[in-house]
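# A closer look at the structure
Chain by chain, the residues run as shown.
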Amino acid sequence: MALRRGIYKSPAQLRAMVAPGRITAAMLQAARERIVPGVTTAELDAVAAAVVRESGARSNFQLVRGYRHTTCISVNEQVVHGIPGDRALVAGDIVSIDAGAEYEGWNGDSAITVVVPDPARPEMVAARQELSRVTEQSMWAGIAAMAHGTHIGEIGAAIEEYVTASGHGYGILRDYVGHGIGRKMHESPSVFNYRTPDPGPRIQPGLVLAIEPMIVAGSEDTVVEDDDWTVSTVDGGDGSHWEHSVAVHADGIWVLTAPDGGAAGLAPFGVRPREIG
Ligand code: MG
Ligand code: MG
């Protein structure tokens, strides 16, 4: 157990993670507002880059070796790690945006999924909105398990349970998982999006996790595209990705990358987030 002590942060360190969380939320909010048919993924990336710059922060994605962009933007059968470029969004696309900020040495990491409106194809839009809804709600179920639970294994179990209960037969990516976050964007421990035999580390004050279910309409088998980054489904089914960075502190939990600390998302699960004192 001694090896795991390093994953828990002090109250002062938790307070330092509030600002990068807020900046990350603002990046995604700004990018979301610009989603319309015809906008390119590079333009959305530039919107997020402007927010991070104006905040006096740095893009932590650019600290990942070989990556030059502020966000990952994944469209339709792409699930995660899509590279922003000259692809123009079209009506009906399902778009996941993943962003993060480093501020004064601490990190935030969050992702949203948006379906571009398409009045001509209501059934396809409804199916994609349902995939995004289940993915987002499974994330909130996982965050609620972090509030109630004793070990992080309960988070993955709650995510899997929610996805299974939806009855759609969606797949859960196995090769990509959530993670601890702090001085680095990716820290121990891994946060699985499914039930595992190992209960994992204890949930206690000082734990900060990025909880990020990656859910697909069909098979969870994925392939990395020729660009060496983009992760797409093998069967061409749609993907959705939602993510929040969440802190456990002495008084409860606080969703660092949600402007309301997670109050709205957690209310249906009977959890009230508490500000980090
Ligand atoms: Mg992320
Ligand atoms: Mg992450």
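As shown above, the structure is provided for reference.
Below or above, wherever it landed, is the structure these notes cover. (Residues numbered from 1 in each chain as written. Chains lettered and ligands numbered in written order. Predicted model: local features only at pLDDT ≥ 70, side-chain atom pairs only at ≥ 80, totals over all residues. Heavy atoms only, no water.)

## Description of helix α3 (residues 41-54)
- For α3, with 14 residues, the first-to-last C-alpha span of 20 Å sits near the 20 Å given by 1.5 Å per residue.
- Buried within α3 we find Thr41, Leu44, Asp45, Val47, Ala48, Ala49, Ala50, Val51 and Val52.
- Turning to α3, the residues buried within the fold contact α2 (18-33), β1 (58-59), β2 (71-75) and β4 (94-103).
- Two residues or fewer past α3, Gly56 is found with a positive phi of approximately 75°. (Helix = DSSP H or I, 4+ residues; strand = E, 2+ residues; numbered from the N terminus. Expected span 1.5 Å × (residues − 1). Buried < 20%, exposed > 50% of the residue type's maximum accessible area, 1.4 Å probe, protein only. Contact = heavy atoms within 4.5 Å.)

## Things to note about the sheet that holds strand β13 (residues 239-241)
- An order of β6-β10-β13 is seen for the 3 strands of this open sheet, with the pairing classed as antiparallel. What marks the edges here is a single partner per strand, and that holds for β6 (171-172) and β13.
- Where strand β10 (residues 214-216) lies against β13, 3 bridges are found, and the strand directions are antiparallel. Looking at the pairing, Val216 lines up with Gly239 of β13.
- Helix α4 (residues 122-148) contacts β10 and β13 of the sheet and is inclined by roughly 35° relative to β13. (Pairing = 2+ DSSP bridges. Axes fitted to C-alpha atoms, helices over the stretch in contact; angles between N-to-C directions.)

## So, the environment of Pro201
- Among the secondary structure elements, Pro201 is positioned in the loop between β8 (187-191) and β9 (208-211).
- According to the relative accessible area criterion, Pro201 is buried, its value standing at 6%.
- Along the primary structure Pro201 and Ser190 are separated by 11 residues, whereas in three dimensions their C-alpha atoms are 9.8 Å apart.

## With respect to the pattern of salt bridges
- Under the definition given, this model contains 6 salt bridges.
- The salt bridge partner of Arg195 is Glu161, with a shortest N-O separation of 2.8 Å. Of this pair, Arg195 sits in the loop between β8 and β9 while Glu161 sits in helix α5 (residues 153-165), and the two are 34 residues apart along the sequence.
- Its relative accessible area of 48% is what places Arg195 among the partly exposed residues. (Salt bridge = Lys/Arg side-chain N within 4 Å of Asp/Glu carboxyl O.)

## Points about the coordination of the magnesium ion (ligand 2)
- Surrounding the magnesium ion (ligand 2) are the protein donor atoms Asp109 (OD), His179 (NE2), Glu212 (OE) and Glu243 (OE), which sit 2.1 to 2.3 Å from the metal.
- Distance-wise, the magnesium ion (ligand 1) is placed 3.2 Å from the magnesium ion (ligand 2), both being coordinated by Asp109. Note that His179 is positioned in strand β7 (residues 178-180) and Glu212 in the loop between β9 and β10, a separation of 33 residues in sequence. Each member of the pair, His179 as well as Glu212, carries the same accessibility label: buried. (Donors = N, O, S within 2.8 Å, 3.2 Å for Na, K, Ca; no water.)

## Points about the sheet that holds strand β12 (residues 231-233)
- Taken together, the 3 strands give an open sheet; going across it, the order is β3-β12-β11, and neighbouring strands pair in antiparallel fashion. On the outer flanks of this sheet lie β3 (78-80) and β11 (222-224), each paired with one strand and no other. For this sheet, the mean inter-axis angle between neighbouring strands, taken without regard to orientation, is 40°.
- Pairing of β11 with β12, which is carried by 3 bridges, proceeds in the antiparallel orientation. Paired with Val223 across the strands is Ser232, a residue of β12.

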